[in-house]
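# Observations on chain architecture
For reference, the chains in residue letters:
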Number of protein chains: 2
Amino acid sequence: MKRLIFLSSLSILLFSCAQKQERTINSDVLSSEEIIDSTNIKTLFNSALTDGKSYEWLRDLTQNIGQRLSGSEGAAKSVIWGEKIMREVGLDSVWLQPVMVPHWVRGEKEIATYTLNGMQKNVPICALGFSIATPESGILAEVIEVKSLEEAKALGNKMEGKIVFFNRPFDDTLINTSSAYGGCVDQRVNGAAVCGEFGAKGVIVRSMTNSIDDFPHTGTMSYGDLPIEKYIPTAAISSKAANILSKDLKENPSLQFYFKQSCETLPDAPSFNVVGEIKGIETPENFVVVGGHLDSWDLGEGAHDDGTGIVQSLEVAYLFKKNNIKPKNTLRIVFFMNEENGTRGAKEYAALSKMNKENHIAGLESDFGGHTPRGFSIDGNTVNTQLLQSWKKLLSPYGLHDLDKGGSGADISPLKEENVTLVGYKPDSQRYFDYHHTSNDTFDKVNKRELELGSASMASIIYLMDKYLYSNTALKP
Amino acid sequence: MKRLIFLSSLSILLFSCAQKQERTINSDVLSSEEIIDSTNIKTLFNSALTDGKSYEWLRDLTQNIGQRLSGSEGAAKSVIWGEKIMREVGLDSVWLQPVMVPHWVRGEKEIATYTLNGMQKNVPICALGFSIATPESGILAEVIEVKSLEEAKALGNKMEGKIVFFNRPFDDTLINTSSAYGGCVDQRVNGAAVCGEFGAKGVIVRSMTNSIDDFPHTGTMSYGDLPIEKYIPTAAISSKAANILSKDLKENPSLQFYFKQSCETLPDAPSFNVVGEIKGIETPENFVVVGGHLDSWDLGEGAHDDGTGIVQSLEVAYLFKKNNIKPKNTLRIVFFMNEENGTRGAKEYAALSKMNKENHIAGLESDFGGHTPRGFSIDGNTVNTQLLQSWKKLLSPYGLHDLDKGGSGADISPLKEENVTLVGYKPDSQRYFDYHHTSNDTFDKVNKRELELGSASMASIIYLMDKYLYSNTALKP
Ligand SMILES: [Zn+2]
Ligand SMILES: [Zn+2]
């Protein structure tokens, strides 16, 4: 038993070491102003982690409303929900910005199948957003596998009457999975436009993910300049099915692939951005905006994409109010509509902002899921970028080490001007494309603490930008 | 449609930005030796992410063997599995180190219940490791809730015949969850010893987790110096049940809580550490050791605790061999037995190492789960610690920013000496205590890429320690 006591003490000792290690900033190296900032940031984190609302808001949005594709009933419900929840937080004003949005509908569940050696294989597929339907009887054709748009173009008329299968996988060696996505998504977006030109019958695309599983990933596509009579239907197939099909095509290059989908694009539908604000106490005519997108794809619940961005954005305002932090500039929260297939909300917000001569000095977007915080990507001029990077010592105790230059996000980037500092929230990217645009993007995939740490991270950089971009008059537009 | 093309291009543009951003080291700022190191580290990561074996090994260990509590059939199977898998990797030699381990068994599934306002509530509980059983009829008694060992001691004889309920929750404001664990685990380890002294009938302890859910978390406890006749049974109850019980006790302070468990400690059982090595090509008499623990608790599959540490440790050797990186010192891989309730394997390894005058220069342990990499905690002398911290620029492109001083791990810490550098692998901690010591610690909770990034992170720091701790002769013991 003595031995046991010793062991237990040892374990506790190890954990006590860990405890002492909890990273706090050495106040010796901070200026008095930085000590205030450090204290306020700690307050924001404590508050988010012990009294945050984002997780319960997300549960409500994803489980009681669910999918919110532009033009859908879910999207309409989410607008009402968004306005209600902003009012509950007690913002100074809340309103809706009307915007017409694309209205594409999936129709019946898609079917895909082929037979090899007498065995029928069912393929998990989903139509891509804006794709046309197949004829009601579906499409049956031979398959040509390619790895790139260039390879497809080089086929030319050889693809006539065939289904072209884009199968370039994610580059798994890229550490940030969004880099891998960026390296593959041209197949999904432009595959049908390229192959429609040469008379292909349809296009199927490997799902955009690192994961090898059974989930097809939807997402937007475009027929580009193609004349409407050359439009061909296009769908994503799961990564696992893509691997199997590729193998099977080596065994039987002339196998007949069948798929059927009944999606269609209806006339544009009315919808709204949901906007709320806390008036600035010093220069209310300047705006700091934070947002995510309220719409989602129609598979899953739009949890990581982008329910988390929505609730984190509102939590920034909640944390400010709860802790009596009054922004110098007006803090605007925007739930953008239609990021997924049109970014109409983003363009409307930017257009209205321009029309009303609103002076946006900074923007922050959260649209990379709700995983554990890693940092922010900064899209600003050199001086402002360096200013933000100088906050590293305040942010790194919370795991926010990445403060590199980079894009912000699709919804705030229309606000870009020389002196506007735009920032994208960067959570860890490893799991994001396990869920992105699939039926697997559900509430249970979001971790409460990771979500709350994200809210607090966002509130912290908004606090700093509001304070310092404002006071640095030389940088004001 | 034009508009759509524009939008699609915009999205792609944003992602291309992200792609360009993939962090590579600016080779201008690196010495020629560092460029070699940077290249080798990139090779290790590429290899782990495209050809890693750790995920399939983990599937095999967790799903085909499952729980591996010391002395159990699962533990015995895992030893055979460990030896086999080490041989498959082609280590220069593989052997077993016999060690006697504690053999505690849970027995039948525990039962706990109480009645409030005529409604019976079933409480998810599990016995704590080394606890004695209740009488066969169970224990029925009033409950006294306390928040600390001190508060319990202050009760003195007032707890006679009662069940003491330790209910101090994790401090959610601590960013690293292991700090919160360190701040609570004394209740689990020492609660029964303290309360047995004063004649309590039993002890129940709030589960060690940030999460509010239905999983009871087991873990080791100790009766310390208590005479055996004063031993009392102790169990963990789920965090959600703890919250409800606390509320219900306010409504009815004299409610009768019932629990029943049939666990027992059998005589020590024979078991083994599994050890393998790649001979060093320059100083094979020096050892660099990397390991995790092969045993697990008996609930769940021991996936994050510590199946991931096991497969990542072996993957270090696999990545070295596959990429023809030959260690200067002998690289030793150890699957330690009995970390969870005794650390007998760790002590045996250290004792044999001392007896055989093996000169360990460095050790690395992975026992904090398989989540996305954050860094390493360093337990070494000042010179070596600074040397390790100087590798930050080589490691940070992979998300490895945390290189603070701190404890390494329970299995390698017995090797500690002034000139031995011990390192703990630090994955992200947010989700770890969602699974730790519960039936929820299963294979599906592990993300393939996160696991592989961890293997590569570990291989990278082993590569650097092997190369530089060796060549820095001034630091050699
Ligand atoms: Zn999104
Ligand atoms: Zn462990």
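Quantities reported herein were computed from a predicted structural model and do not represent experimental measurements.

## Examining the overall build of chain A
In terms of helices and strands, chain A carries 14 helices and 15 strands. Relative to its length of 477 residues, chain A is compact, with a C-alpha radius of gyration of 25 Å against a globular reference of 23 Å. Expressed along its principal axes, the backbone C-alpha trace of chain A runs to roughly 75 × 75 × 40 Å. When the 477 residues of chain A are sorted by exposure, 64% land in the buried category. Residue pairs at least 24 apart in sequence account for 83% of intrachain contacts in chain A once pairs closer than 6 positions are excluded.

## Here we look at the side chain of B:Ser131
Residues and elements named next belong to chain B. Relative to the helices and strands, Ser131 resides in the loop between strand 4 (125–127) and strand 5 (139–146). Engagement of the side chain of Ser131 in a polar contact is seen with the side chain of Gln261, the distance being 3.0 Å. For Ser131, the contacting residues outside a window of four places in its chain are Trp104, Met221, Tyr223, Ile232, Pro233, Thr234, Gln261 and Cys263.

## Notes on the coordination of the zinc ion (ligand 1)
Residues and elements named next belong to chain A. Every protein donor of the zinc ion (ligand 1) is listed here as His293 (NE2), Asp305 (OD), Asp367 (OD) and Asp367 (OD), and their distances to the metal cover 1.9 to 2.8 Å. For the zinc ion (ligand 1), the four donor atoms in the first shell make angles of 50 to 147° at the metal, so the coordination geometry reads as irregular. Between consecutive donor residues of the zinc ion (ligand 1), the sequence gaps follow H-x11-D-x61-D. Pair noted here: Asp305 is in helix 9 (residues 303–322) and Asp367 is in the loop between strand 13 (359–365) and strand 14 (373–379), with a separation of 62 residues, a long-range link.

## Some thoughts on helix 8 (residues 239–251) of chain A
Helix length check: helix 8 of chain A (13 residues) gives 19 Å between terminal C-alpha atoms against 18 Å at 1.5 Å per residue, within 8%. Taken together, the buried positions of helix 8 of chain A are A:Ser239, A:Ala241, A:Ala242, A:Leu245, A:Ser246, A:Asp248 and A:Leu249.

## Describing the coordination of the zinc ion (ligand 2)
Residues and elements named next belong to chain B. Looking at the zinc ion (ligand 2), one finds its protein donor set to be His293 (NE2), Asp305 (OD), Asp367 (OD) and Asp367 (OD), positioned 1.9 to 2.8 Å from the metal centre. Given four donor atoms and angles of 50 to 148° at the metal, the environment of the zinc ion (ligand 2) is assigned as irregular. For the zinc ion (ligand 2), the single-chain donor residues occur in sequence as H-x11-D-x61-D. Separated by 12 residues along the polypeptide, His293 in strand 11 (residues 283–293) and Asp305 in helix 9 (residues 303–322) bring together distant segments of the chain. Taken individually, His293 and Asp305 each receive the classification buried, so the pair is uniform in this respect.

## Let's talk about the packing of aromatic side chains
For any pair of aromatic rings, geometry is given as the distance between the ring centres together with the angle between the planes. Residue and element names in this part refer to chain A. Across all of its chains, the model carries 32 aromatic pairs over all chains by this definition. Here Trp104 and Trp297 contribute two aromatic rings whose centre-to-centre distance is 6.2 Å and whose plane-to-plane angle is 80°, an arrangement assigned as edge-to-face. One end of the pair, Trp104, is in strand 1 (residues 93–105); the other, Trp297, is in the loop between strand 11 (283–293) and helix 9, and 193 residues separate them in sequence. Just as Trp104 is buried, Trp297 falls in that class too. Between Tyr223 and Tyr231 the ring centres are 3.9 Å apart and the planes differ by 15°, which places this aromatic pair in the stacked class. Here Tyr223 and Tyr231 have matching classes, each one buried. An aromatic cluster is present here, built from Phe170, Tyr181, Phe368, Tyr432 and Phe433 joined pairwise through their rings.

## Focus: the sheet that holds strand 10 (residues 264–278) of chain A
Paired through their backbone hydrogen bonds, the strands of a sheet run either parallel or antiparallel. Residues and elements named next belong to chain A. The strand order 1-10-12-11-13-15-14 describes an open sheet built from seven strands, whose pairing is mixed. With one partner strand each, in any of the chains shown, strand 1 and strand 14 form the two edges of the open sheet. Strand-to-strand twist of the sheet, defined as the mean angle between neighbouring strand axes without regard to direction, takes the value 20°. Along the sheet face, helix 9 touches strand 10, strand 11, strand 12 (329–336) and strand 15 (421–427) and points at about 145° away from the line of strand 11. Lying on the sheet, helix 10 (residues 344–355) is in contact with strand 1, strand 10, strand 11, strand 12 and strand 13; it crosses strand 1 at an angle near 140°.

## A word on the domain arrangement of chain A
Residues and elements named next belong to chain A. Domain annotation for chain A reports domain 1 (30–104 + 267–475) and domain 2 (109–262). The gap between the C-alpha centroids of domain 1 and domain 2 is 34 Å. Facing the 18 residues of domain 1 at the interface are 22 residues of domain 2. In this assembly, domain 1 packs against domain 2 so that about 1500 Å² is buried in total across both faces, 64% of it on carbon and sulfur atoms. Here domain 1 is connected to domain 2 by seven residue pairs in polar contact (both at pLDDT 80 or more). Breaking the side of domain 1 that touches domain 2 down by element, the ones donating at least two residues are strand 1 and helix 13 (432–435).

## Notes on the UniProt feature "domain: Peptidase M28" (unreviewed entry) in chain A
Within the UniProt annotation, "domain: Peptidase M28" (unreviewed entry) is assigned to residues 273–452 of chain A. Structurally, residues 273–452 of chain A comprises 29% helix and 26% strand, and the distance from its first C-alpha atom to its last is 24 Å.

## A closer look at helix 7 (residues 185–197) of chain A
Residues and elements named next belong to chain A. Here helix 7 is 13 residues long and its end C-alpha atoms lie 19 Å apart, about the 18 Å a rise of 1.5 Å per residue gives. Along its length, helix 7 reaches its greatest deviation from straightness, about 50°, at Gly191. Across the 13 residues that make up helix 7, a large majority, 11, are buried. Within the sequence span of helix 7, burial applies to Val185, Asp186, Gln187, Arg188, Val189, Gly191, Ala192, Ala193, Val194, Cys195 and Gly196.

## Structural notes on the sheet that holds strand 5 (residues 139–146) of chain A
Residues and elements named next belong to chain A. Spatial ordering of the open sheet is given by 3-2-9-5-6-7-8-4, a layout of eight strands whose pairing is mixed. Lying at the two open borders of the sheet, with one neighbouring strand each, are strand 3 (119–122) and strand 4 (125–127). Adjacent strand axes in the sheet meet at a mean angle of 30° when their direction is disregarded. Its contacts with the sheet place helix 7 against strand 6 (163–166), strand 7 (202–206) and strand 8 (234–237), and it is angled at close to 160° to strand 7. Lying on the sheet, helix 8 is in contact with strand 2 (111–116), strand 3, strand 5, strand 6, strand 7, strand 8 and strand 9 (256–260); it crosses strand 2 at an angle near 35°.

## Comments concerning the pairing of strand 15 (residues 421–427) of chain B
All names here are of chain B. Counting buried residues along strand 15, seven of its seven residues qualify, which places the element largely inside the surrounding structure. Burial along strand 15 is two-sided: the face carrying Thr421, Val423, Tyr425 and Pro427 and the face carrying Leu422, Gly424 and Lys426 are both buried. As paired strands, strand 13 (residues 359–365) and strand 15 are joined by four bridges and run parallel to one another. The residue of strand 15 that forms the bridge with Leu364 is Val423. In the sheet, strand 14 (residues 373–379) pairs with strand 15 via six bridges, with the strands oriented antiparallel. For Asp379, the partnering residue across the bridge sits in strand 15 and is Leu422.

## Here's the deal with the state of the cysteines
By definition, a disulfide links two cysteine residues through a covalent bond between their sulfur atoms. Inspection of the entire model under this criterion finds zero disulfides over all chains. Its sulfur unpaired, A:Cys184 is 16 Å from the next cysteine sulfur, which belongs to A:Cys195.

## Brief notes about the packing of helix 3 (residues 54–65) of chain B against helix 9 of chain B
Helices that pack against each other are described as a pair by the angle of their axes relative to one another and the distance between those axes. Residues and elements named next belong to chain B. At a minimum axis distance of 9 Å, the contact between helix 3 and helix 9 shows a crossing angle of 140°. Relative to helix 9, the element helix 3 lies oblique. Regarding helix 3 and helix 9, the two cross each other, and that crossing is right-handed. Residue-level inspection shows Ser54, Trp57, Leu58, Leu61 and Thr62 of helix 3 in contact with helix 9, the latter providing Ala303, Gly307, Thr308, Ile310, Val311, Leu314, Glu315 and Tyr318. In terms of residue class, the contact of helix 3 with helix 9 is built from eight nonpolar, four polar and one charged.

## Topic: unusual backbone geometry
Here the residue pair A:Asp305 and A:Asp306 is connected by a cis peptide bond, since its omega of 0° sits within 30 degrees of zero. When you line up the elements, A:Asp306 lands in helix 9. The phi angle at B:Asn324 is positive, at roughly 55°, despite the residue not being glycine. For B:Asn324, the location among the structural elements is in the loop between helix 9 and strand 12 (329–336). Even without being a glycine, B:Asn338 presents a positive backbone phi close to 75°. Looking at the element boundaries, B:Asn338 is found in the loop between strand 12 and helix 10 (344–355). The exposure class of B:Asn338 is buried, given its relative accessible area of 0%.

Rules behind the numbers
- Residues numbered from 1 in each chain as written.
- Chains lettered and ligands numbered in written order.
- Predicted model: local features only at pLDDT ≥ 70, side-chain atom pairs only at ≥ 80, totals over all residues.
- Heavy atoms only, no water.
- Helix = DSSP H or I, 4+ residues; strand = E, 2+ residues; numbered from the N terminus.
- Rg over C-alpha atoms; globule rule 2.2 N^0.38 Å.
- Buried < 20%, exposed > 50% of the residue type's maximum accessible area, 1.4 Å probe, protein only.
- Contact = heavy atoms within 4.5 Å.
- Polar contact = N/O pair within 3.5 Å; in protein donor to acceptor, adjacent residues only side chain to side chain.
- Donors = N, O, S within 2.8 Å, 3.2 Å for Na, K, Ca; no water.
- Tetrahedral: all angles 85-135°; square planar, octahedral: opposite > 155°, others 65-115°.
- Expected span 1.5 Å × (residues − 1).
- Phe/Tyr/Trp six-rings, centres within 6.5 Å; stacked < 30°, edge-to-face > 60°.
- Pairing = 2+ DSSP bridges.
- Axes fitted to C-alpha atoms, helices over the stretch in contact; angles between N-to-C directions.
- Domains from an automatic or database assignment.
- Buried area = accessible area lost by both parts, 1.4 Å probe.
- UniProt positions renumbered as here; feature names shortened; annotations may be inferred.
- Bend = angle between axes of the 7 residues up to and from the residue.
- Disulfide = S-S within 2.5 Å.
- Parallel < 35°, antiparallel > 145°, perpendicular 65-115°, else oblique.
- Left-handed = near helix turned anticlockwise from the far one by under 90°.
- Nonpolar A, V, L, I, M, F, W, Y, C, P; charged D, E, K, R; others polar.

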